[in-house]
Amino acid sequence: MATSVMSPQPVPDPLSQNSAGPSILEEVAAAQDHLRTRLAGALASPPSKTASESLPTVPLIDIGPSFSDDSSLRKAVARQIREACVTTGFFQISNHGISFEAMDGVLKQAERFFHQLTPEKKDKVHMRHSPLFRGYEPHDYTYVNVDDMAGGDASSTQEQPEPETKEGFNWGYEEQLDPTGGDGKYVELDGQSPASTGQGNIWPDEEDLPGFYEAIKLYYGQVLQLARHLFRLFALSLGLEEGYFDDVMTHPGGIARLLYYAGQPVANAVDGDASTNGATTSQGEGKLGLGAHTDYECFTLLLSSSNPGLEILFPPSPLTNNRPIWLPCPVRPGTLTVNVADFLMRWTNGLYKSTIHRVVSKPGTGERYSVPFFFSINYDAEVVPLPESVVGVSRWQPVKAGEYILERLRATTA
């Protein structure tokens, strides 16, 4: 399949709302309105007679050369990353340095958590015990697209919201998970130190899942270091000094999740129009595992099992009768999928694209496990505009990273 250039996606214009830029709550509302606009009339499958090789896809980037001492090789990888960020907003990476032991181990822990823990033990680590959205997440406790909640939204085009089928387990940065040991200054989304509040991650007891924490630690430590490396490549991709973001990655935000999508039985296809409102799918097309959304932080690193399910909303084009279209993300074993999130799109003034995506569990594809890692800068860091020579005059007011992400998370709770 060929990679095609995406048209720039519209970004909510804060200047039309507030000359100083919108508040965080106004940004949350604008992001949801933007999502509804993008989903309107989306196609669930290509028009007839459209060749699959002509449709856009997610590029694969070999980042192995970026670990070289040769700066020209690092810059060459950064140029590929820039091309992906201004077009698809998604790319996959190979030769990323995460060990097979770490990747296989964390996926096995996902299977153990969701299948071996009793409902009572899952309830003990339920997300309701955490103001920071950590712990076990039943399928109906949060919705990444608030229009999918029971009752929906009066302004949504969705007639009957469809519940998500995913189950999750969430945790965030801890200094003992950081191979560098951290700098002793980590604060949570709310700006407070876990040591002073007693609030932090919620872990299952070791006797309930022996080895769980150690396997999580192995993977988390490696993906955290990879994220720091990637942010240096992002800096190069923007024409900045390679270490431009180093000072705000010393105790970074790094929320990760174990996600489980149950397999769906094979069902007879349902005839009808190939369009969808972007949230609901017909029985023949599968069940909604995770609703249509964009991510909130700077960027996401996603590890997935071999079963498909991730779909990306590509923009309208003549090939799709000028309608947005849902297309599957390629399954490339051993790779990680990277996507730009809203905070980086905001920071780059809309230059880098935060692209809408969802997970659909198709009949007959079996169970799916995934481990998204959402990388942010230090939560207490106030984000100031990038140089105008890089992204133009910023349309956004400065904000602390943690405050922004916390408000986005609060909007997802049913």
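The protein chain has the name Fe2OG dioxygenase domain-containing protein in an unreviewed UniProt entry, where Cladophialophora immunda is given as its organism. The annotation that UniProt attaches to the protein chain under Sequence similarities (unreviewed entry) is "Belongs to the iron/ascorbate-dependent oxidoreductase family."

**Comments concerning the pairing of strand E6 (residues 287-293)**
Taken across its 7 residues, E6 has 6 buried, putting it largely inside the fold. Sheet topology note: the E6/strand E11 (residues 357-361) ladder contains 4 bridges and is antiparallel. Counterpart to leucine 288 in the pairing with E11 is valine 360.

**Examining the packing of aromatic side chains**
Under the defined criterion, the tally for this structure stands at 29 aromatic pairs. Ring centres of phenylalanine 343 and tryptophan 347 lie 6.3 Å apart, and the angle between their planes is 75°; this geometry places the pair in the edge-to-face category. One end of the pair, phenylalanine 343, and the other, tryptophan 347, are both in helix H7 (residues 342-347), 4 residues apart, so they sit about a helical turn from each other. In this structure, phenylalanine 343 and tryptophan 347 share a single accessibility class: buried. Across the ring face of phenylalanine 343, the terminal group of arginine 346 is positioned such that the distance to the ring centre comes to 5.9 Å. Here the basic side chain of arginine 358 rests over the ring of tryptophan 326, its NZ or CZ set 4.1 Å away from the ring centre.

**Looking at the packing of helix H3 (residues 100-116) against helix H6 (residues 212-237)**
A pair of packed helices can be characterised by two numbers: the angle between their axes and the separation between those axes. Close contact between H3 and H6 brings their axes to 9 Å; oriented N to C, the two are set at 135°. Between H3 and H6, the angle is such that the two are oblique. In the crossing of H3 with H6, the sense of the turn from one axis to the other is left-handed. On H6, the residues that touch Glu101, Ala102, Met103, Gly105, Val106, Gln109, Arg112 and Phe113 of H3 are Phe212, Ala215, Ile216, Leu218, Tyr219 and Gln222.

**Examining the sheet that holds strand E2 (residues 90-94)**
The strand order E1-E2-E10-E7-E12-E5-E4-E3 describes an open sheet built from 8 strands, whose pairing is mixed. The open sheet has two edge strands, strand E1 (60-62) and strand E3 (135-137), and neither has a second partner. Each neighbouring strand pair of the sheet contributes to a mean axis angle of 25°, computed without reference to strand direction. As paired elements, E3 and strand E4 (residues 167-171) share 3 bridges and run antiparallel to each other. If you follow tyrosine 136 over to E4, its bridge partner there is phenylalanine 169.

Thresholds, definitions, all that
Residues numbered from 1 in each chain as written. Predicted model: local features only at pLDDT ≥ 70, side-chain atom pairs only at ≥ 80, totals over all residues. Heavy atoms only, no water. UniProt positions renumbered as here; feature names shortened; annotations may be inferred. Buried < 20%, exposed > 50% of the residue type's maximum accessible area, 1.4 Å probe, protein only. Helix = DSSP H or I, 4+ residues; strand = E, 2+ residues; numbered from the N terminus. Pairing = 2+ DSSP bridges. Phe/Tyr/Trp six-rings, centres within 6.5 Å; stacked < 30°, edge-to-face > 60°. Lys NZ or Arg CZ within 6 Å of the ring centre and 35° of its normal. Axes fitted to C-alpha atoms, helices over the stretch in contact; angles between N-to-C directions. Parallel < 35°, antiparallel > 145°, perpendicular 65-115°, else oblique. Left-handed = near helix turned anticlockwise from the far one by under 90°. Contact = heavy atoms within 4.5 Å.

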